[in-house]
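# A look at the structure
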Amino acid sequence: MKKILIKNVKNYINKDVRLDGWVYNKRSSGKIGFLMLRDGTGILQGIFFKPEIGEKLFTEFKTLTQESSISVEGIITSNEKVDGGCEIQVKNLIIHNISKDYPITPKEHGTDFLMNNRHLWLRSKRQHSIMKIRHEIIKATRDFFDGNDFTLIDTPIFTPNACEGTTTLFATDYFGENAYLSQSGQLYNEANAMAFGRVYTFGPTFRAEKSKTRRHLTEFWMVEPELAYCDLNEDMQWGEKLLEFIVERVLSNRQLELKILGRDTSKLEKIKAPFPKISYSECVEMLNDGGFNFEWGGDFGSPEETFISEQYDKPVIVHRFPTQIKAFYMKRDPENEKVVLGMDFLAPEGYGEIIGGSERESDLEVLLERVKHEKLPRDEFEWYLDLRKYGSVQHAGFGMGIERVVAWICKLPHVRETIPYPRMLQRLRP
Ligand code: 4AD
Ligand code: MG
């Protein structure tokens with residue numbers, strides 16, 4: 001018998017098929033049993049009609065519990081009254097394992113309980129939808145760069161130096177010397193850009209974030225494009241085009257999942273480039289006009305980012321931040337030494353920063369002075385400085401945190417649900 005996936009049942013109406021999966025839900029009324037079968041690609045109703053299947057099979061149906069693993073064989077029929085428009089009239093049932101006391105029941109559970117059972121929670125409709133959308137966002141991201149002449153070049157995870165400052169480094173023993181888990185692939189990516197022109201890297205990054213917030217993980221996935229011969233304006237345009245592309249893909253391919261999450265898609269339909277652009281200094285004015293007491297030179301926290309992004313219904317690009325709050329590699333604005341040519345994309349609906357990037361300092365002397373000023377170990381940066389000696393060019397790039405984008409597109413209250421196994425200050429398990 002042909003084994004098929006639930007997502008494809010529509011193509012098998014009036015055909016005999018086999019489905020492998022797990023019991024999502026079950027009820028019976030008299031001679032009829034109704035079973036919701038899930039297989040990871042969808043959920044389908046199975047009908048067990050006692051006069052048709054006989055006493056023995058019907059008794060076996062009755063022993064089934066939530067999350068028991070089974071295969072069913074039968075004929076697919078259409079039924080406009082059920083989700084998906086199809087069901088299976090079961091003729092045979094094969095039981096692989098009867099699940100006992102599955103801990104996640106249809107009743108309400110607390111978040112901590114669900115997080116402790118994350119390995120099982122992923123089977124629920126809502127978590128399943130989030131992971132499907134995460135997958136779509138990653139696929140769209142890769143298609144976007146692959147389709148625009150970028151080459152994927154991987155960067156290492158064990159590194160001897162910091163990219164985004166020393167306060168959030170995870171140290172590990174590397175055969176007797178200290179290595180750090182990568183905070184960003186950017187520095188290596190700059191070398192890659194000088195070899196390939198347009199590159200991107202996509203991998204896990206690590207930050208010892210000691211704060212408990214809705215936006216911070218200690219392990220998160222970042223996609224980082226880097227382009228030779230690129231200035232800040234072009235860098236902004238790549239970010240705009242990328243986000244527009246991702247949202248469009250999710251809207252075309254993941255309507256069902258967005259619906260399960262109750263997402264208001266009209267908000268996503270507005271995400272079309274160009275996005276509003278506003279300098280840090282203008283933001284400071286906006287904040288103070290809005291009742292904040294914010295001094296020029298400080299870093300925006302969540303309340304500030306939320307306030308700024310709430311003024312727009314598209315992501316807003318904030319640029320030209322004070323030099324003192326940004327990383328050593330950012331190029332200073334030739335028109336104003338106090339600010340750097342950096343940019344942050346703040347997502348609408350209060351989601352805050354989803355992309356951070358900049359034009360990079362390409363002058364050897366200025367960069368050396370910045371390395372010294374930040375008290376970074378020059379030895380470890382020699383190879384990076386080489387890039388400014390051998391054919392240095394204007395270049396730029398950015399990093400987009402996948403989990404922040406998933407949180408925004410799915411409209412989730414916390415990033416912990418955006419990644420299969422979140423790592424946070426107080427969570428290393430499961
Ligand atoms: O702004 P960040 O720190 O920029 C960089 O790491 C640059 N080196 C990237 C580059 O230019 N190649 O981080 C980039 C993005 C943020 O905008 C955010 O989306 C995400 O990474 N991010 C986090 N996501 C989850 N948890 C955390 N702790 C995050 N820290 C940053
Ligand atoms: Mg940032």
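Predicted model only: the values in this text are computed from it and were never measured. (Residues numbered from 1 in each chain as written. Chains lettered and ligands numbered in written order. Predicted model: local features only at pLDDT ≥ 70, side-chain atom pairs only at ≥ 80, totals over all residues. Heavy atoms only, no water.)

### Some words on the domain arrangement of the protein
Under the domain assignment used here, the protein contains domain 1 (2–97) and domain 2 (116–418). Distance between the C-alpha centres of domain 1 and domain 2: 45 Å. Carbon and sulfur atoms supply 47% of the area that domain 1 and domain 2 bury against each other, a total of about 440 Å² over both sides. The residue glutamate 67 makes a salt bridge to arginine 123 at a minimum N-O spacing of 2.9 Å. Along the contact surface separating domain 1 from domain 2 lie three residue pairs in polar contact (both at pLDDT 80 or more). When its residues are assigned to classes, the side of domain 1 that touches domain 2 shows three nonpolar, one polar and two charged. (Domains from an automatic or database assignment. Buried area = accessible area lost by both parts, 1.4 Å probe. Salt bridge = Lys/Arg side-chain N within 4 Å of Asp/Glu carboxyl O. Polar contact = N/O pair within 3.5 Å; in protein donor to acceptor, adjacent residues only side chain to side chain. Nonpolar A, V, L, I, M, F, W, Y, C, P; charged D, E, K, R; others polar.)

### A closer look at the site of ligand 1
Taken together, 23 residues lie near ligand 1, and Glu164, Gln186, Arg207, Glu224 and Glu353 sit nearest. Serine 184 is positioned such that a nitrogen or oxygen atom in its side chain is 2.9 Å from a nitrogen atom of ligand 1. The backbone of isoleucine 354 places a nitrogen or oxygen atom 2.9 Å from an oxygen atom of ligand 1. Contributions of two or more residues to the shell around ligand 1 are made by β12 (219–228), β17 (352–359) and β18 (395–401). By residue number, the principal contributor to the shell around ligand 1 is β17, which donates five residues. Split by residue class, the shell around ligand 1 holds seven nonpolar, eight polar and eight charged. (Near = heavy atom within 4 Å. Helix = DSSP H or I, 4+ residues; strand = E, 2+ residues; numbered from the N terminus.)

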